[in-house]
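Each chain, written out:
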Amino acid sequence: MLPCSKKGRNRGMCELRRRGHQRPCRRLPVRPAERRAGNRHAKILGGHEPVLTCVGFRPGDRLRMPPSYDNPTTQQTALSPGLIAPAQRAACLVIIHGEGLGKRVDVEIDRVLVGRSPEARLHIPHPSVSRRHCEVWREGDTYRVRDLGATNQTRVNDRACAEAILTDGDHITVGEILLKFISHASLEARYHEEVYQLATHDPLTDLYNRRHFAEHVDIEIARALRHGRPLSLCIIDVDLFKPVNDRYGHIAGDSVLKQMASILRTQVRREDLAARIGGEEFAVLLPETSIEGAREFAEQFRGAVAGTLFHPGGEAQHITVSVGVAEARPDRGDRSRLMRAADAALYRAKDEGRNRVCVEP
């Protein structure tokens, strides 16, 4: 609604053109009645009268004023009832400084051990943290923290303590790591839950990502070997996935991966850990599962995929997977050796014709 910066039809553009109009503007005569009606708007526009129109308008036409100019009075709104109370959820501990920044663990029925030990629920592999540094637990409607004789004593809100009651927002110092306690009633819990989801999940398939999977494999291997419990790993690869991407494009390939992840979610138990660890590669960690149980799981999943119709590019077709299975044992006592064994079984499944399950003895 500003006057042209230069006079004449062919000598420059007005401010309206800069804002999206493609034709120059010119002044048109304003009738007295229109001038009187425009006085109120002229005050709003800093003294300029609304007398501009684009070339092509009929003589005497005026540009319509935006609704905010026609009715400059602020509208009164109904009183808001405020925030809706969030659904009840578990309290949690969040690392807000140091090793494992953003890592989060819920404090529910079981006590949460914090420490450098792989068996700790909140595992912090930092030299300033003791193997069993402290524990946090719920007692009725209150939450407590207890130091477990750590070399660098546990501190709550920068005060050394042997045991303390926690309140929402308390800071717990563990070595050089800073934790924040968020109670089950806190609105902030939802925020940290969303941040945790973004940090630990693959955005395409909504399975866990490789980083989160790797952290938990180390913990589960240590627990299984210490207590003599079975633990198995399956590595899954989509057969001939590159030709699907090349023929139908990456968007179609993504839809195949999402459907594959959806099938996988229907096969795993709550305690299993399913993740996307590469482009078309998935992994499933199966606690309390022997090598035979893992083979059975892998065969069920392979059969479910083989029996499903996929529609990349709108064309119905069957797509298959190959699976390698390995079991944790003392000579596979860390993540790299266990994954190497499962990979070896996967390569054998590929070499033997794909669409099959192979077990590394």
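For the structure, see preceding data.
Residues numbered from 1 in each chain as written. Predicted model: local features only at pLDDT ≥ 70, side-chain atom pairs only at ≥ 80, totals over all residues. Heavy atoms only, no water.

Caption draft 1: Layout of the overall build of the chain. A count of helices and strands for the chain gives nine helices and 20 strands. Out of the 361 residues belonging to the chain, those deemed buried represent 42%. Across the chain, the fraction of contacts at a sequence separation of at least 24, relative to all contacts at a separation of at least 6, is 55%. Of the roughly 20200 Å² of accessible surface on the chain, a fraction of 49% belongs to carbon and sulfur atoms. (Helix = DSSP H or I, 4+ residues; strand = E, 2+ residues; numbered from the N terminus. Buried < 20%, exposed > 50% of the residue type's maximum accessible area, 1.4 Å probe, protein only. Contact = heavy atoms within 4.5 Å. Areas by Shrake-Rupley, 256 points an atom, 1.4 Å probe, with all protein chains shown as cover.)

Caption draft 2: The sheet that holds strand β13 (residues 177–182), seen in detail. Taken together, the six strands give an open sheet; going across it, the order is β4-β3-β13-β12-β9-β10, and neighbouring strands pair in antiparallel fashion. The open sheet has two edge strands, β4 (104–107) and β10 (159–160), and neither has a second partner. Note: strand β12 (residues 171–174) against β13, four bridges, orientation antiparallel. The partner of I172 across the bridge, within β13, is L179. (Pairing = 2+ DSSP bridges.)

Caption draft 3: Structural view of helix α9 (residues 335–351). Between its first and last C-alpha atoms α9 spans 24 Å; for 17 residues at 1.5 Å apiece the expected length is 24 Å, and the two agree. Along α9, the residues classified as buried are L338, M339, A341, A342, A345, L346 and A349. An end-on view of α9 places all buried positions within 155° of arc, on one side of the element. Across from the buried face of α9, at angles greater than 90 degrees, the exposed residues are R340, Y347 and D351. If you follow the buried residues of α9, they end up packed against α5 (210–227), β14 (231–238), β16 (281–287), β19 (321–327) and β20 (357–359). Looking at the residues trailing α9, positive phi occurs at G353, about 120°. (Expected span 1.5 Å × (residues − 1). Arc of directions from axis to C-beta.)

Caption draft 4: Just the pairing of β16, in detail. Counted residue by residue, β16 has six buried out of seven residues, so it is predominantly covered. Here β14 pairs with β16 via seven bridges, running antiparallel. Its bridge partner lying in β16, L233 is registered against L285. Pairing of strand β15 (residues 273–276) with β16, which is carried by four bridges, proceeds in the antiparallel orientation. From the neighbouring strand, R276 faces β16, where its bridge partner is F282.

Caption draft 5: Just the sheet that holds β16, in detail. Ordered by their spatial adjacency, five strands build an open sheet running β15-β16-β14-β19-β20, and the pairing between neighbours is mixed. The outermost strands of the open sheet, each flanked by one partner alone, are β15 and β20. In this sheet, neighbouring strand axes are inclined to one another by 15° on average, regardless of whether the strands run parallel or antiparallel. (Axes fitted to C-alpha atoms, helices over the stretch in contact; angles between N-to-C directions.)

Caption draft 6: Spotlight on the packing of helix α6 (residues 241–248) against helix α7 (residues 250–267). At a minimum axis distance of 7 Å, the contact between α6 and α7 shows a crossing angle of 140°. With respect to their mutual orientation, α6 and α7 come out oblique. Between α6, through F241, V244, N245 and Y248, and α7, the contact on the second element is made entirely by H250, A252, G253, V256 and L257. When the residues that make up the contact of α6 with α7 are grouped by side-chain class, the tally is six nonpolar, three polar and no charged. (Parallel < 35°, antiparallel > 145°, perpendicular 65-115°, else oblique. Nonpolar A, V, L, I, M, F, W, Y, C, P; charged D, E, K, R; others polar.)

Caption draft 7: Representation of the packing of α5 against α9. Taken N-terminus to C-terminus, the directions of α5 and α9 make an angle of 105°; their axes are 9 Å apart at the nearest point. Classed by the angle they form, the pair α5 and α9 counts as roughly perpendicular. Residues R210, F213, A214, V217, D218 and I221 of α5 pack against R335, L338 and M339 of α9. Considering only residue class, the contact of α5 with α9 consists of six nonpolar, no polar and three charged.

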